[in-house]
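Now for the letters of each chain:
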Amino acid sequence: MDKLRNIMIAGLAASVAITGFVAPAQAQRDPAYAAARANGSIGEQRDGYLGIVSGETAQLRRLVNDINIKRRAVYAERAQAAKATLDEYAFTAGCQAILRTTRGEKYQSPDGTWQTRTSAAPVRDPRCP
């Protein structure tokens, strides 16, 4: 059963990598999103959602919540199609999102601390596909 689950999660990872999952293109073009990502106010969490790293404001909370709601809807649809749980799909998406961070962006390490991406590969959960 564990082998089957690992194969399924690897398939989810491939699907995430190929089709993308992050907030819709509109959110990614949002100057507030781009600025918050660039200045380290927000970052990619291990669970596949955005998190606020520092400087929380009502506007930043609304932005993050909006993107996370959209991500959850995409994850739920794709998880159902892949016969996976929402949490499994979101975790795999989080692994891929952390992998795609660029230098200077924030991400959550396996121990839950916020890290700043350097030129080195990010530290990811050992369960990541």
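Residues numbered from 1 in each chain as written. Predicted model: local features only at pLDDT ≥ 70, side-chain atom pairs only at ≥ 80, totals over all residues. Heavy atoms only, no water.

**What to know about the nonpolar core**
- Counting residues in each nonpolar core, the largest one holds 9 residues, listed as Tyr-33, Ala-36, Ile-42, Leu-50, Ile-52, Leu-60, Leu-63, Val-64 and Ile-67.
- Sorting the residues of this core by element identifies helix H3 (31-38), strand E2 (50-52) and helix H4 (58-81) as the ones contributing at least two each.
- Top element by residues in this core is H4. It accounts for 4 residues.
- Leaving out residues up to four positions away in the same chain, Leu-50 has contacts with Tyr-33, Arg-37, Ile-42, Gly-43, Glu-44, Gln-45, Val-64, Ile-67, Asn-68 and Arg-71. (Core = buried A, V, L, I, M, F, W, Y, C linked by side-chain atoms within 4.5 Å. Buried < 20%, exposed > 50% of the residue type's maximum accessible area, 1.4 Å probe, protein only. Helix = DSSP H or I, 4+ residues; strand = E, 2+ residues; numbered from the N terminus. Contact = heavy atoms within 4.5 Å.)

**Topic: the state of the cysteines**
- Going through the model one piece at a time under the given rule, you end up with 1 disulfide.
- Through a disulfide, Cys-95 is tied to Cys-128; the S-S separation comes to 2.0 Å. What sets the handedness of the Cys-95 and Cys-128 disulfide is the S-S torsion sign, and at about -80° it is left-handed. Residue Cys-95 is found in helix H5 (residues 86-99), and its partner Cys-128 is found in the segment after strand E4 (114-116); the two are separated by 33 residues along the sequence. (Disulfide = S-S within 2.5 Å.)

**Remarks on empty space enclosed by the protein**
- Counted by the stated rule, this structure contains 1 cavity of 30 Å³ or more.
- One number sums up the size of the largest cavity: a volume of about 60 Å³.
- Along the walls of the largest cavity sit Arg-46, Phe-91, Gly-94, Cys-95, Ile-98, Gln-108, Ser-109, Pro-110, Val-123, Arg-124, Asp-125 and Cys-128, which together make up its complete lining.
- With 4 residues, H5 is the largest single contributor of residues to the lining of the largest cavity.
- Split by residue class, the lining of the largest cavity holds 6 nonpolar, 3 polar and 3 charged. (1 Å grid on protein atoms, 1.4 Å probe; cavity = no way out; pocket = protein on both sides within 12 Å on 5 of 7 lines; lining within 4 Å. Points joined across faces, edges and corners; volume = space filled by probe spheres on them. Nonpolar A, V, L, I, M, F, W, Y, C, P; charged D, E, K, R; others polar.)

**Quick notes on the packing of aromatic side chains**
- In total, this model carries 2 aromatic pairs according to the counting rule given.
- Taking the centre distance of 5.3 Å and the plane angle of 65° together, the rings of Tyr-49 and Tyr-75 count as edge-to-face. One end of the pair, Tyr-49, is in the loop between strand E1 (42-44) and E2; the other, Tyr-75, is in helix H4, with 26 residues separating them in the sequence. Accessibility assignment for this pair places Tyr-49 and Tyr-75 in one class, buried.
- Ring centres of Tyr-75 and Tyr-89 lie 5.8 Å apart, and the angle between their planes is 50°; on these two criteria the pair is classed as tilted. Taken together, the residues Tyr-75 in helix H4 and Tyr-89 in helix H5 connect sequence positions 14 residues apart. (Phe/Tyr/Trp six-rings, centres within 6.5 Å; stacked < 30°, edge-to-face > 60°.)

**Topic: the confidence of the model for the protein**
- When pLDDT is averaged along the protein, the result is 85; 78% of the residues meet or exceed 70.
- Within the model, pLDDT remains below 50 along residues 14-19, and this stretch shows 10 contacts once partners closer than five positions in the same chain are excluded. (pLDDT = per-residue confidence, 0-100.)

**Some details on the environment of Val-64**
- Locating Val-64 in the fold gives a position in helix H4.
- Under the relative-accessibility criterion, Val-64 is labelled buried at 1%.
- Along the chain, Val-64 and Gly-43 lie 21 residues apart, while their C-alpha atoms are 9.8 Å from each other.
- When residues no more than four places from it in sequence are discounted, the contact partners of Val-64 are Ile-42, Leu-50 and Ile-52.

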